[in-house]
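# Residue-level structure breakdown
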Amino acid sequence: MLLAFETSCDETSAAVVHHGQVLSNVVASQIALHAEYGGVVPELAARAHLQNLVPIAHAALRQAQAGPERLDAVAATQGPGLPSALMVGFKAAQALAFVLRRPFLGIHHHEAHLYSPWIKGTSPAADFSAFQPNVSLIASGGHTLLVHVRAELKHRLLGSTVDDAAGECFDKVGKLLGLPYPAGPEMDRLAEHGNPKAFHFPRPMLNEAHDDFSFSGLKTSVRYFLRDHPAVLKDAQIIGDLCASVQAAIVEVLVDKTIRAARRLKVGCVTASGGVICNRALRRDLLQACEREGFKLLLAEKSLCTDNAAMIGILAERKLKSCAGQTSLDADISPDWLLAGQE
Ligand code: KG4
Ligand code: ZN
């Protein structure tokens, strides 16, 4: 039985996993705390993690009906993320591993996202028997990555955003439209009644041969549009049309680049995770594109799209079983840890 912590950004989470089964996954979101600042304030995030981590760890153990003495290992996100936030979960997990004399694993946050689409069911369990080589899209407020996962625990980064992440683009455009932080879910809702063809916004890097992304130009073009047409902000229908048009641009870039990479690498499977994968248009268009191409599609369940400790625990357990290496109790956090290739 393994206890995992995730505190890389603004979710405090603890989970207990056992043989690929998620016995508990408790997540406390700090969205309300950061909303009035329009973005995550690192110092506030760290303080909230400090307040929340112990009660959340207790809740996760209680739900899993496990006492600390039954734990075989402890894991935590080591990076990337906000340094002061990472520190809370990582150092707490090391201390616990020290006291219990159990193995400790520091986990790469993005590597954990790669396996979250394989966790399914009402009593969620990871089905690694169905695993197949895939191209994985990770899209959230902090990252937009395309990864080739050749085999379990073997991956290579194909591309990432050179500026804003996809979720950041949703959030910044939403802010320009006067929507509360984080604006992604609200834009998704407003886009439902808008016309995605009403306005044409750029599809950055859509037709370039590499697998990188860029979203800051899209945000800037919305800013210029609003500067030149300030009256549109008073019209609810036009706001819906703007949300739908911006969403269409982001979704088209994410879907097309993912499908193109999957085709080029000749994988039969596409997976996706991260907060932006909650977006309904993205889920629908990815599904349609994968059906058209004959790819199997695995989307992380919405509760596992956003940051959570279950994905950290599931990956840690696989690493422990495959003897992929423990992390020293003296190890430090790695806030800028890049998803290096593991071939
Ligand atoms: O994975 P996550 O919870 O946190 C990190 O950034 O790591 O992702 C949060 C991001 C935010 O930018 C939020 O606006 C976006 O995911 N998001 C969405 C939707 N739900 C969350 N973006 C578009 N449509 C959604 N339905
Ligand atoms: Zn994440």
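What you see is a predicted model; the values in this text were computed from it and never measured.

It is worth spelling out a nonpolar patch on the surface at this point. On the surface, Phe98, Val99 and Leu329 cluster together into a nonpolar patch covering about 320 Å² of accessible area. Of note, valine 99 is situated in helix 3 (residues 83-100).

Close to ligand 1 lie 19 residues; Gly141, Asp171, Asp188, Asn279 and Asp307 are nearest. Between ligand 1 and glycine 167, the relevant distance is 3.2 Å, taken from an oxygen atom to a main-chain nitrogen or oxygen of the residue. One of the backbone nitrogen or oxygen atoms of glycine 184 is found 3.2 Å away from an oxygen atom of ligand 1. Contact with the protein chains hides 90% of the accessible area of ligand 1, taken as 550 Å² for the molecule alone. When contributions to the shell around ligand 1 are tallied by element, the ones reaching two or more residues are helix 5 (166-176) and helix 6 (184-191). Residue classes in the shell around ligand 1 are distributed as 6 nonpolar, 9 polar and 4 charged.

Enumeration according to the criterion identifies 8 aromatic pairs in this entry. Plain terms: the ring middles of phenylalanine 213 and phenylalanine 215 are 6.1 Å apart, the flat faces sit at 10° to each other, and that makes the pair stacked. Over the aromatic face of phenylalanine 213 sits the side chain of lysine 257, whose NZ or CZ is 5.8 Å from the ring centroid.

Calculation notes
- Residues numbered from 1 in each chain as written.
- Chains lettered and ligands numbered in written order.
- Predicted model: local features only at pLDDT ≥ 70, side-chain atom pairs only at ≥ 80, totals over all residues.
- Heavy atoms only, no water.
- Patch = residues over 30% accessible without salt bridge, like charges linked within 9 Å, V, L, I, M, F, W, Y side chains within 5 Å.
- Areas by Shrake-Rupley, 256 points an atom, 1.4 Å probe, with all protein chains shown as cover.
- Salt bridge = Lys/Arg side-chain N within 4 Å of Asp/Glu carboxyl O.
- Helix = DSSP H or I, 4+ residues; strand = E, 2+ residues; numbered from the N terminus.
- Near = heavy atom within 4 Å.
- Polar contact = N/O pair within 3.5 Å; in protein donor to acceptor, adjacent residues only side chain to side chain.
- Nonpolar A, V, L, I, M, F, W, Y, C, P; charged D, E, K, R; others polar.
- Phe/Tyr/Trp six-rings, centres within 6.5 Å; stacked < 30°, edge-to-face > 60°.
- Lys NZ or Arg CZ within 6 Å of the ring centre and 35° of its normal.

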